Amino acid sequence: MIRPIAFLAALAGLALSLIALVVDGTGVTETPGAGLAVLGCLATLVGLLLLTSRRLSRGLWILIALLTALAAALTALAGWFLMQNSLAAVMAVACLATLGVAANPRSLRRT
């Protein structure tokens, strides 16, 4: 049950980064950094959705999982630089959950 945790954390990160981008008073409203945080959350979500495919080879599956974890980690770092601690925290959870998926791919695949 680690993939739903990663997916929900990435969705929460997307919501928080959109709030940081759009809402006045966050200090980073309409800045390129907040926009890149939105793109990082979207990249994490796309990577997690790709991991649900059954047609991926094991090596490609692990590569996508690691790249997704990297996207989540870099987005968490961006959230920290933007002083959006909640965004940094949920993306760190998404990163750790995705690394857990990459460490044990056979437990989640239905073959």
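Each remark here, short or long, concerns the structure printed above.
These numbers come from a predicted model, not from an experiment.

Caption draft 1: A look at helix H3 (residues 58-81). With 24 residues, H3 extends 35 Å from end C-alpha to end C-alpha; this agrees with the ideal 34 Å at 1.5 Å per step. Residues Trp61, Ile64, Ala65, Thr68, Ala69, Ala71, Ala72, Thr75, Ala76 and Gly79 constitute the buried set of H3. Residue Met83 follows H3 closely and has a positive phi angle near 60 degrees.

Caption draft 2: Structural detail: the nonpolar core. In this structure, Leu51 and Met91 are the most contacted members of the largest nonpolar core, which totals 28 residues. Contributions of two or more residues to this core are made by helix H1 (2-22), helix H2 (32-50), H3 and helix H4 (85-103). The biggest single contributor to this core is H4, with 7 residues. Contact partners of Leu51, with chain neighbours within four places excluded, come to Arg3, Trp61, Ile64, Ala65 and Val101.

Caption draft 3: Highlighting a nonpolar patch on the surface. A grouping of Leu60, Leu63, Leu67, Leu70, Leu74, Leu77, Trp80 and Phe81 is seen on the molecular surface, where their side chains present a nonpolar patch of about 810 Å² in accessible area. Tracing the backbone shows Leu60 in helix H3. In this structure Leu60 comes out as partly exposed when scored by relative accessible area, which is 38%.

About the cut-offs
- Residues numbered from 1 in each chain as written.
- Predicted model: local features only at pLDDT ≥ 70, side-chain atom pairs only at ≥ 80, totals over all residues.
- Heavy atoms only, no water.
- Helix = DSSP H or I, 4+ residues; strand = E, 2+ residues; numbered from the N terminus.
- Expected span 1.5 Å × (residues − 1).
- Buried < 20%, exposed > 50% of the residue type's maximum accessible area, 1.4 Å probe, protein only.
- Core = buried A, V, L, I, M, F, W, Y, C linked by side-chain atoms within 4.5 Å.
- Contact = heavy atoms within 4.5 Å.
- Patch = residues over 30% accessible without salt bridge, like charges linked within 9 Å, V, L, I, M, F, W, Y side chains within 5 Å.
- Areas by Shrake-Rupley, 256 points an atom, 1.4 Å probe, with all protein chains shown as cover.
- Salt bridge = Lys/Arg side-chain N within 4 Å of Asp/Glu carboxyl O.

Structural measurements only, silent on function.
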